[in-house]
Amino acid sequence: MSSKVRQHFLPIILFLFVAATYIHNLSRGVYGGDTGDFIAASTVMGVAHPPGYPLFTLFGFLLTRIDIFTPAFMVGLIAALSSAISVVIFYLISLKLVKSKLISFISSLFLAF
């Protein structure tokens, strides 16, 4: 393996593991809270309650055009993938700070779960 591949191996594995776990546990339907409001706003490209979350609504609108799963699942996919990305970003920042792959990896898993 080249050094570039080895350098990115752990963050990619971390992203795939966290994303797969989050996506596996996504709700296929509408549940309580503001979920219905966000799904409806994303489906019709409307405005959710203030502040409106324009980027979330835009991504939701684009994903709900893909007619594979329910709109609730597709909008929930935004949160699952962005959360997995944030765990990887946390790993990379903590790796710069503590210089230990093991500690960074474990602390990222603590953040994720």
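The structure presented is a predicted model; accordingly, all values stated were derived computationally and were not measured.

Describe the environment of L95, listing the residues and the values that go with them.
Along the chain, L95 falls in helix α4 (residues 71-98). Taking C-alpha positions, L95 is 35 Å from F38, a pair spaced 57 residues apart along the chain. Those residues in contact with L95, other than ones at most four positions away along the chain, are S100, K101 and S104.

Requested: an account of a nonpolar patch on the surface, with residues and values cited.
There is a patch of nonpolar side chains on the surface, built from I85, I89, I93, L97, V98 and I103 and spanning about 590 Å² of accessible area. When residues in the nonpolar patch are grouped by element, the largest group, 5 residues, is from α4. Within the secondary structure layout, V98 lies in helix α4. Since its relative accessible area comes to 44%, V98 is described here as partly exposed.

Can you lay out unusual backbone geometry for me, pointing to particular residues and giving the numbers?
Most peptide bonds take the trans form, and the phi angle of most residues other than glycine is negative. Of the consecutive residues P50 and P51, the connecting peptide bond is found in the cis state with omega at 10°. If you trace the backbone, P51 turns up in the loop between α2 (35-44) and α3 (54-64). Not every positive phi belongs to a glycine, and M45 is a case in point at roughly 60°. Residue K99 is not a glycine yet carries a positive backbone phi of 60°. Counting through the fold element by element, K99 comes out in the loop between α4 and α5 (101-112).

Reading guide: rules and limits
- Residues numbered from 1 in each chain as written.
- Predicted model: local features only at pLDDT ≥ 70, side-chain atom pairs only at ≥ 80, totals over all residues.
- Heavy atoms only, no water.
- Helix = DSSP H or I, 4+ residues; strand = E, 2+ residues; numbered from the N terminus.
- Contact = heavy atoms within 4.5 Å.
- Patch = residues over 30% accessible without salt bridge, like charges linked within 9 Å, V, L, I, M, F, W, Y side chains within 5 Å.
- Areas by Shrake-Rupley, 256 points an atom, 1.4 Å probe, with all protein chains shown as cover.
- Salt bridge = Lys/Arg side-chain N within 4 Å of Asp/Glu carboxyl O.
- Buried < 20%, exposed > 50% of the residue type's maximum accessible area, 1.4 Å probe, protein only.

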